[in-house]
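One-letter residues, chain by chain:
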Amino acid sequence: MSQHESSSAAGTRRPPTAASQAHEHLLSAAAELFYREGVRAVGVEAVVERAGVNKMSLYRQFSSKDDLVVAYLKRSHDRFFQRFERSIEKHPGDAAKQLLQYFEDLAERASAKDYRGCPFVNVAAEFPDVNHPARQCVTDNKTKLTARLTELATQAGATDPSALANALALLIEGIYAASQTYGPGCGPILAAPKVAAQLIAAACPQAPAQQSAP
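Only a predicted model underlies this, so the values are computations on that prediction, with no experimental measurement involved. (Residues numbered from 1 in each chain as written. Predicted model: local features only at pLDDT ≥ 70, side-chain atom pairs only at ≥ 80, totals over all residues. Heavy atoms only, no water.)

Q: Explain the overall build of the protein chain to me, please; I cannot follow it from the model alone.
A: When helices and strands are tallied, the protein chain shows 10 helices and 0 strands. Only carbon and sulfur atoms are counted for the fraction: they give 54% of the accessible area of the protein chain, which is about 11800 Å². (Helix = DSSP H or I, 4+ residues; strand = E, 2+ residues; numbered from the N terminus. Areas by Shrake-Rupley, 256 points an atom, 1.4 Å probe, with all protein chains shown as cover.)

Okay, structure coming up:
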């Protein structure tokens, strides 16, 4: 596309509406506050103030706080799998390396000072009622992750793909927990890629030996 065509295309784009801007501001504010402080601890007033809109704008966009929480989790779900896919894209066609790469990237992410663990784990702890809409979001995320891990384990030649996927899912949950109990960059987090490499090597006897990053 030429510069003229690009300019013309840009000129035909519709500017965001006030409603869409309010929706994005509210969702971004909720994501920041819910992740950092917890869903139960954050009231709609705090979200509205952080977003720079009035309360009426919130209820025009979201029917309730629960509706806002679900929107936050759906966006978290999308962003989680965007990061997941970016990790595995680093090793096209090599599922064993793709699995290991994800653990190396997760260990790095979980070592950031502002890391607050998995938003789905956090929400599950705050909402014990399994019938709450937020808990369905948790189930959807974890179910898709397990399915994706199973798919990669199958491609890697695991003798029991489901067993490997479950073991790796457990290790992922351990990284989330360790980041909040032992702290970011702790020993258990740094050990996780090596443990993942051992699990993958044991489950995929035909795969070449993998070396985790130092």
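Q: Just to check I follow, could you spell out the UniProt feature "DNA-binding region" (unreviewed entry) in the protein chain for this structure?
A: As annotated by UniProt and renumbered to match this structure, "DNA-binding region" (unreviewed entry) occupies residues 43–62. Helix makes up 75% of residues 43–62 and strand 0%, with an end-to-end C-alpha separation of 14 Å. (UniProt positions renumbered as here; feature names shortened; annotations may be inferred.)

Q: Can you help me understand helix α6 (residues 95–109) in this one?
A: An α-helix turns once every 3.6 residues. As a result, residues three or four positions apart point the same way. With 15 residues, α6 extends 21 Å from end C-alpha to end C-alpha; this agrees with the ideal 21 Å at 1.5 Å per step. The element α6 is largely enclosed, with a buried count of 12 among its 15 residues. Turning to α6, its buried residues are A95, A96, Q98, L99, L100, Q101, Y102, F103, E104, D105, L106 and A107. Each element contacted by the buried residues of α6 is listed here: α5 (65–88), α8 (133–155), α9 (161–181) and α10 (187–203). (Expected span 1.5 Å × (residues − 1). Buried < 20%, exposed > 50% of the residue type's maximum accessible area, 1.4 Å probe, protein only. Contact = heavy atoms within 4.5 Å.)

Q: Before we go on, may I ask you to explain the pattern of salt bridges in this structure?
A: A side chain of one charge can pair with a side chain of the opposite charge when the charged atoms of the two come close. One pass over the structure, following the stated rule, counts 9 salt bridges. Measuring nitrogen to oxygen at the nearest pair gives 2.9 Å for the salt bridge that ties R36 to E37. Overall, E37 belongs to the partly exposed group, its relative accessible area being 42%. A salt bridge links K90 to D105; the nearest nitrogen and oxygen atoms lie 2.9 Å apart. Of this pair, K90 sits in the loop between α5 and α6 while D105 sits in helix α6, placing them 15 residues apart in sequence. Residues joined in a network through salt bridges with shared partners are E32, R36, E37 and R50. (Salt bridge = Lys/Arg side-chain N within 4 Å of Asp/Glu carboxyl O.)

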